[in-house]
Amino acid sequence: MTPEAQGRAAASRFRLEHHLGIQPLGDLVAVIEQATGVDVAVLDAGPDEHGLTMCDPAHGTVFIGVARTRHPMRQRSTLAHELGHVQFGDWAADGAGSCGQRSPVEVRADAFARHLLLPLDGLRQFLADLRVTDRSVLSAVVQRYLVSPAVAAIALEQAGYIDAGRKAEWMGVTTPQLAVRFGWIDQYNALQADSNRRRAPQRLLSRAIEGYAAGVLSAQVIANLRGVALEAAEAELAEAGIGPAAQQTVWADPADLPDVGVDVTELDDYLRDAGDGEEWTTETGKQ
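All figures in this text were calculated on a predicted structure; none of them were measured in a lab. (Residues numbered from 1 in each chain as written. Predicted model: local features only at pLDDT ≥ 70, side-chain atom pairs only at ≥ 80, totals over all residues. Heavy atoms only, no water.)

Novice: Got a sec to walk through unusual backbone geometry? Specific residues and values, please.
Specialist: Despite not being glycine, H19 has its phi angle at roughly 55°, a positive value. Mapped onto the elements, H19 comes out in the loop between α1 (3-17) and α2 (28-36). A relative accessible area of 73% places H19 in the exposed class. One non-glycine residue, L146, adopts positive backbone phi at about 55°. Looking at where L146 falls in the secondary structure, it is placed in the loop between α6 (135-145) and α7 (149-158). (Helix = DSSP H or I, 4+ residues; strand = E, 2+ residues; numbered from the N terminus. Buried < 20%, exposed > 50% of the residue type's maximum accessible area, 1.4 Å probe, protein only.)

Written out as structure tokens, the structure is:
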């Protein structure tokens, strides 16, 4: 199988195994965390860094990190791409490619991401027998599946709705252009705000809040994990009715302490030997 076919088959299998059907996927971070148990974080990163996948071979722990960005469709593609690496266990493979070319491993992860986000069966169900003639259809596909125009154009061509020439033309269109032209710029702005926020792995944050409620972690730890001010974290916790458990100091009654027998014979012998002829005892002191 080609990397394209492998990626498509794996994406279909993932949707089937996790009962995702052929409909658009919502919050992709939540989908990945709930379906796979993989921890996902949205982090501050450099302008040329989009995502990475790490695996601890000793414990089998997998972590996906993606950069926060004002390009929500690209972030979703990055998340799906990294999930593709997880599905294929690509951290154990040599993904090096020729200069100027993407390796088969990367091509396969790209294909997985496209078919996961925009399954061809779902596209056909959405468009049915519609004749695709203008960018309004491209906009509708991008808005519904929350993919880039490039991903949508490739899928439209693969599904037989457009030819290669129109695909090449539409791959150069940007999402903001479509959002402004076809009236969903407010939705796009909301997507931008969401993708440009840091986000801690849900399981890690849940355990930290449990520690805070037990009184063993401070609210500052929660704030640091979420990348928010301490006051904001404290206010949210308080509004949710979560506070550190009261710590009660339990004092012991001396009468409850057990009797302890102490044998000081050896200490008496030591003091007698160290007294330069003078006799000491623990009971009488110097004699």
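Novice: Kindly report on the pattern of salt bridges, identifying the contributing residues and their values.
Specialist: Going through the model one piece at a time under the given rule, you end up with 13 salt bridges. Note that R199 and D27 form a salt bridge whose closest N and O atoms lie 2.9 Å from each other. One end of the pair, R199, is in the loop between α10 (185-195) and α11 (202-213); the other, D27, is in the loop between α1 and α2, with 172 residues separating them in the sequence. When its relative accessible area of 37% is taken as the criterion, D27 is described as partly exposed. With its nearest N and O atoms 2.3 Å apart, the salt bridge here joins D44 to R68. One end of the pair, D44, is in the loop between β1 (39-43) and β2 (51-56); the other, R68, is in the loop between β3 (61-67) and α3 (72-88), and 24 residues separate them in sequence. With a relative accessible area of 46%, D44 lands in the partly exposed category. (Salt bridge = Lys/Arg side-chain N within 4 Å of Asp/Glu carboxyl O.)

Novice: Tell me about helix α5 (residues 120-127), and name the residues and values.
Specialist: Among the residues of α5, L120, G122, L123 and L127 are the ones counted as buried. Angular distribution of buried residues about the axis of α5 spans 155°; they occupy a single face of the element. Its buried side turned inward, α5 meets α1, α4 (104-117), α6 and α7. Directly beyond the C-terminal end of α5, a positive phi value near 55° is found at A128. (Arc of directions from axis to C-beta. Contact = heavy atoms within 4.5 Å.)

Novice: So what's going on with the sheet that holds β1? Which residues, and what values?
Specialist: Read across the open sheet, the 3 strands follow the order β1-β3-β2; overall the sheet is mixed. Two strands in the sheet have a free side with no partner beyond their single neighbour: β1 and β2. Within this sheet the neighbouring strands show an average axis-to-axis angle of 20°, counted without direction. Judged from the 6 bridges that link them, β2 and β3 form a sheet pairing that is antiparallel. Across the sheet, residue G51 finds its bridge partner in β3, namely V66. (Pairing = 2+ DSSP bridges. Axes fitted to C-alpha atoms, helices over the stretch in contact; angles between N-to-C directions.)

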